[in-house]
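Listed below, chain by chain, are the residues.
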Amino acid sequence: MGIGKKSKNIGKIAEGKTKETVGRAVGNESLEGKGRAQKMKGKVKQAVEKGKDTFRH
């Protein structure tokens, strides 16, 4: 996995986690849901990249 893609995916996960936490803290369900979705999207992309690496080697 390329370092750029890995760090981008980790950034998306962290950003989603932050949004989810802030949304929960202020009682904004929409922000919390968007954060949860963004976090999952980052995790899925991370898994896809790891799968690609497995088949390359």
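Residues numbered from 1 in each chain as written. Predicted model: local features only at pLDDT ≥ 70, side-chain atom pairs only at ≥ 80, totals over all residues. Heavy atoms only, no water.

As recorded by an unreviewed UniProt entry, the protein chain carries the name CsbD family protein and is attributed to Streptomyces atratus. Under the Sequence similarities (unreviewed entry) heading, UniProt states for the protein chain: "Belongs to the UPF0337 (CsbD) family." (UniProt positions renumbered as here; feature names shortened; annotations may be inferred.)

Between its terminal C-alpha atoms helix H2 (residues 29-56) stretches 41 Å, which fits the 40 Å expected from 28 residues at 1.5 Å a residue. Considered for burial, the residues of H2 that qualify are Glu-32, Gly-35, Gln-38, Lys-39, Gly-42, Gln-46, Glu-49 and Asp-53. A side-chain oxygen of the first residue of H2 lies 3.2 Å from the backbone nitrogen of Ser-30; this N-cap is Asn-28. (Helix = DSSP H or I, 4+ residues; strand = E, 2+ residues; numbered from the N terminus. Expected span 1.5 Å × (residues − 1). Buried < 20%, exposed > 50% of the residue type's maximum accessible area, 1.4 Å probe, protein only. Polar contact = N/O pair within 3.5 Å; in protein donor to acceptor, adjacent residues only side chain to side chain.)

The N-to-C vectors of helix H1 (residues 3-26) and H2 enclose an angle of 160°; their axes lie 7 Å apart at closest approach. With respect to H2, the element H1 is oriented roughly antiparallel. The two elements H1 and H2 cross, and the hand of that crossing is left-handed. Grouping the amino acids of the contact of H1 with H2 by side-chain chemistry returns four nonpolar, seven polar and 14 charged. (Axes fitted to C-alpha atoms, helices over the stretch in contact; angles between N-to-C directions. Parallel < 35°, antiparallel > 145°, perpendicular 65-115°, else oblique. Left-handed = near helix turned anticlockwise from the far one by under 90°. Nonpolar A, V, L, I, M, F, W, Y, C, P; charged D, E, K, R; others polar.)

Glancing now at the environment of Ile-10. Of note, Ile-10 is situated in helix H1. Here the alpha-carbon distance between Ile-10 and Gly-42, two residues 32 residues apart in the chain, equals 6.8 Å.

With that settled, the discussion passes to H1. Because the α-helix completes a turn every 3.6 residues, residues three or four places apart line up on one side. The end-to-end C-alpha separation of H1 is 34 Å, in line with the 34 Å expected for 24 residues at 1.5 Å each. For H1, the full list of buried residues reads Asn-9, Ile-13, Gly-16, Glu-20 and Gly-23. Those residues of H1 hidden inside the fold are in contact with H2. Downstream of H1 by a residue or two, Gly-27 has a phi angle that is positive, lying close to 80°. (Contact = heavy atoms within 4.5 Å.)

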